[in-house]
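These are the residues of each chain, in order.
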Amino acid sequence: MIQPPEIIRVSKSRVSCDGSGDIPAALGHPRVFLEIDEHGYVDCGYCDRRFVLAGGVADTGDIGNQPDIASGASL
């Protein structure tokens, strides 16, 4: 069974991800900047973390079952 993505609630629509968290940043991935669009969430193309805009349209209990949206990724 596929595990749901790690979900991080954020307060701004522009976020960055470098894959760190419990591991040092040097062991993560290149830092990317992501933009949350009208769907209310965006996924990191490297580590599959899902960033959800707090209070937005996607801030529901079912967000882990939504399709991937990584189109907002930029370097």
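This text follows the structure it describes.
Below: a short report on this structure. Every chain begins its residue count from 1, and numbering advances along the sequence as written. Thresholds applied to this predicted model are a pLDDT of at least 70 for local features of residues and 80 or more for the giving and counting of side-chain atom pairs; totals over whole chains, interfaces and linings are not thresholded and use all residues. The basis for every side-chain value is the complete set of heavy atoms in the structure, and neither hydrogens nor water enter the calculation.

### Quick look at the overall build of the protein
On a plain count of helices and strands, the protein comes out with 0 helices and 5 strands. Secondary structure elements follow DSSP: runs of H or I of four or more residues count as helices, runs of E of two or more count as strands, with numbering from the N terminus. The secondary structure elements of the protein, listed N-terminal to C-terminal, are β-β-β-β-β. We call a residue buried when its accessible area falls under 20% of the maximum for its residue type, exposed when it is over 50%, and partly exposed in between, using a 1.4 Å probe and counting protein chains only. For the protein, buried positions account for 28% of its 75 residues. Only the protein chains shown count as cover for residues, and all accessible areas are computed by the Shrake-Rupley method using a 1.4 Å probe. Accessible area for the protein stands at about 4,900 Å²; split by element, carbon and sulfur atoms hold 54% of it.

### So, the sheet that holds strand β4 (residues 41-43)
Between any two strands, pairing holds if DSSP finds at least two bridges. Ordered in space as β1-β5-β4, the 3 strands form an open sheet in which the pairing is mixed. Each edge of the open sheet is held by one strand with a lone partner, namely β1 (7-10) and β4. Looking at each pair of strands side by side, their axes are set apart by 20 degrees on average, direction ignored. Where β1 meets strand β5 (residues 50-53), 4 bridges bridge the pair, whose relative direction is parallel. Along β5, the bridge assignment pairs V10 with L53. Lines are fitted to the C-alpha atoms to define the axes, a helix being fitted only along its stretch in contact, and any angle between axes, read from their N-to-C directions, falls within 0 to 180 degrees.

### A few points about the nonpolar core
Ranked by size, the top nonpolar core spans 9 residues in total: V10, V15, C17, V32, L34, I36, V42, C44 and F51. Breaking this core down by element, the ones donating at least two residues are β2 (14-17) and β3 (32-35). What makes a nonpolar core is a set of buried Ala, Val, Leu, Ile, Met, Phe, Trp, Tyr and Cys residues whose side-chain atoms join them at distances within 4.5 Å.

### Some remarks on the side chain of R50
By the element assignment, R50 lies in strand β5. Assessed through its relative accessible area of 1%, R50 is described here as buried. Definition of a polar contact: a pair of N or O atoms within 3.5 Å, with one able to donate and the other able to accept a hydrogen when the atoms are protein atoms, and with sequence-neighbouring residues admitted only if both atoms are side-chain atoms. A polar contact of 2.6 Å, which involves the side chain of R50, links it to the side chain of D43.

### Considering the state of the cysteines
Where two cysteines share a covalent bond between their sulfur atoms, that bond is called a disulfide. A pair of cysteine sulfur atoms is labelled a disulfide when the two atoms are within 2.5 Å. Within this structure, the stated rule accounts for 0 disulfides. Just so you know, C17 is unpaired, no disulfide at all, and the nearest cysteine sulfur is the one on C47, 3.6 Å from it.

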